[in-house]
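For reference, the chains in residue letters:
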Amino acid sequence: MSFQDHFSRQSEIYLKARPTYPDGLFEYLAGIAPARQVCWDCATGNGQAAVSLAHYFQKVIATDGSEKQIQNAIAGHNIEYKVATAEESGLPDHSADLITAATAAHWFNHDKFYKEALRVSKANGILAVWTYSEAIIAHDIDKIMTWFMYDLLYDYWPDGRWYVRNQYETLPFPFKALETPNFFCRMNWTKAQFLDYVKSWSSYNNYLAKHNTDPLEFLLPKLASLWNDNEVKPVVWKLHLKCARLNN
């Protein structure tokens, strides 16, 4: 099947600009996995989740369809990076205790991915997919960012983005979902750091490529009086996690 690559062109900024996931998320996932031998982190991107998972599992196999993302991934002594899609991993049958997709499952061919997850999962293995909502900063800034994301950039999001906006409530998930705790990403960022995050979006880069104009030109004047250049603000994203136990 063809791989839809939304992030290779911004892989370097993606590496430094995305929020980090909370340690509690990985501790929870390791705690419900049947063992801590092998984790498959599919669509790993820059390896952000893989690096944290490596603290809990003997081996993490981290795959991504983008060779450039893999080239920019964060190294780890017990992480094996491979160029492969989520739907065709190349992993052995029944080899993974935990299968994760961090902010990525909305891009997949879901039928093929879930078939692959069932093949790769050990008995009672855990499948965990998650994404995060729009950032929460302050009411006035949040309103402007909603306009920027869903008015100005509306036509530039790939289709899978709408699963994210719906907080994964409409994401196909043909398994009995486990009840899970709430988790949040929390960063303290300057405006420049937040704008680097914006520059990692697929919609930002699609707009830039089509118009040869930086859409931040429309955003920055609206933020000017609300966020000083040297001011650090707390930025919070709620995680939306779906987990299931496979092959039980």
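Calculation criteria
- Residues numbered from 1 in each chain as written.
- Predicted model: local features only at pLDDT ≥ 70, side-chain atom pairs only at ≥ 80, totals over all residues.
- Heavy atoms only, no water.
- Helix = DSSP H or I, 4+ residues; strand = E, 2+ residues; numbered from the N terminus.
- Rg over C-alpha atoms; globule rule 2.2 N^0.38 Å.
- Buried < 20%, exposed > 50% of the residue type's maximum accessible area, 1.4 Å probe, protein only.
- Contact = heavy atoms within 4.5 Å.
- Lys, Arg positive; Asp, Glu negative; His and termini not counted.
- Charge placed at Lys NZ, Arg CZ, Asp CG, Glu CD.
- Core = buried A, V, L, I, M, F, W, Y, C linked by side-chain atoms within 4.5 Å.
- 1 Å grid on protein atoms, 1.4 Å probe; cavity = no way out; pocket = protein on both sides within 12 Å on 5 of 7 lines; lining within 4 Å.
- Points joined across faces, edges and corners; volume = space filled by probe spheres on them.
- Nonpolar A, V, L, I, M, F, W, Y, C, P; charged D, E, K, R; others polar.
- pLDDT = per-residue confidence, 0-100.
- Phe/Tyr/Trp six-rings, centres within 6.5 Å; stacked < 30°, edge-to-face > 60°.
- Salt bridge = Lys/Arg side-chain N within 4 Å of Asp/Glu carboxyl O.
- Pairing = 2+ DSSP bridges.
- Axes fitted to C-alpha atoms, helices over the stretch in contact; angles between N-to-C directions.

Visitor: Describe the overall build of the protein chain, with residues and values.
Guide: A count of helices and strands for the protein chain gives ten helices and seven strands. Here the C-alpha atoms of the protein chain give a radius of gyration of 18 Å, agreeing with the 18 Å that 2.2 N^0.38 yields for 248 residues. Looking at the protein chain as a whole, 55% of its 248 residues are labelled buried. Counted over contacts in the protein chain with a minimum sequence separation of 6, partners at least 24 positions apart contribute 78%. Measuring between centres, the 24 positive side-chain charges of the protein chain sit 2 Å from its 27 negative side-chain charges.

Visitor: Let's hear about the nonpolar core: which residues, and what values?
Guide: Among the nonpolar cores identified, the biggest contains 54 residues, and Tyr 21, Trp 130, Phe 194 and Trp 201 are the most heavily contacted of them. Beyond its immediate stretch of four places on either side in the chain, Tyr 21 contacts Phe 26, Gln 48, Ala 49, Ala 102, Thr 103, Trp 130, Tyr 132, Cys 185 and Leu 239.

Visitor: Before we move on, could you go through empty space enclosed by the protein and cite the residues and values that matter?
Guide: Counted under the stated rule, the structure contains one cavity of 30 Å³ or more. The calculated volume of the largest cavity comes to roughly 210 Å³. Along the walls of the largest cavity sit 20 residues, with Arg 18, Trp 157, Arg 161, Tyr 197 and Trp 201 positioned nearest its centre. For the lining of the largest cavity, the elements supplying multiple residues, two or more each, are strand 5 (121–132), helix 6 (139–152), helix 7 (161–165) and helix 8 (191–199). Classifying every residue of the lining of the largest cavity gives twelve nonpolar, five polar and three charged.

Visitor: I'd like a description of the confidence of the model for the protein chain, backed by residues and values.
Guide: For the protein chain, per-residue confidence averages 93 on the pLDDT scale, and residues scoring 70 or more make up 94% of the total. Contacts of residues 5–9 to residues separated by more than four positions or lying in other chains number 16 contacts, the stretch itself having pLDDT below 50.

Visitor: So what's going on with the packing of aromatic side chains? Which residues, and what values?
Guide: Here the structure, examined in full by the defined rule, presents 25 aromatic pairs. Taking 5.3 Å as the distance between ring centres and 90° as the angle between the ring planes, the aromatic pair formed by Tyr 114 and Phe 175 counts as edge-to-face. Taken together, the positions of Tyr 114 in helix 5 (residues 110–120) and Phe 175 in the loop between helix 7 and strand 6 (184–189) put the pair 61 residues apart, joining distant regions of the chain. Centroid distance Trp 157 to Trp 201: 5.5 Å. Interplanar angle 40°. Geometry classified as tilted. Separated by 44 residues along the polypeptide, Trp 157 in the loop between helix 6 and helix 7 and Trp 201 in the loop between helix 8 and helix 9 (202–211) bring together distant segments of the chain. The exposure class assigned to Trp 157 is buried, which follows from its relative accessible area of 8%. Residue Trp 201 is classed as buried on the basis of its relative accessible area, which comes to 4%.

Visitor: Now, about the pattern of salt bridges: what can you tell me, with residues and values included?
Guide: In this structure the tally under the stated criterion is seven salt bridges. Between Lys 191 and Asp 229 there is a salt bridge whose closest N-O contact spans 3.2 Å. Note that Lys 191 is positioned in helix 8 and Asp 229 in the loop between helix 10 (216–223) and strand 7 (233–246), a separation of 38 residues in sequence. With a shortest N-O distance of 3.1 Å, Glu 231 and Lys 233 are connected by a salt bridge. Under the relative-accessibility criterion, Glu 231 is labelled partly exposed at 29%.

Visitor: Before we move on, can you summarise the sheet that holds strand 2 (residues 59–64) with the specific residues and values?
Guide: In space, the seven strands of this open sheet follow the order 3-2-1-4-5-7-6, with mixed pairing throughout. With partners counted over all chains shown, the strands left at the sheet margins are strand 3 (79–83) and strand 6, one partner each. Strand-to-strand, the axes of this sheet are offset by a mean angle of 20°, without reference to chain direction. Summarising the sheet, strand 4 (residues 96–102) and strand 5 pair through six bridges and their orientation is parallel. Its bridge partner being in strand 5, Ala 101 is matched across the sheet by Val 129.

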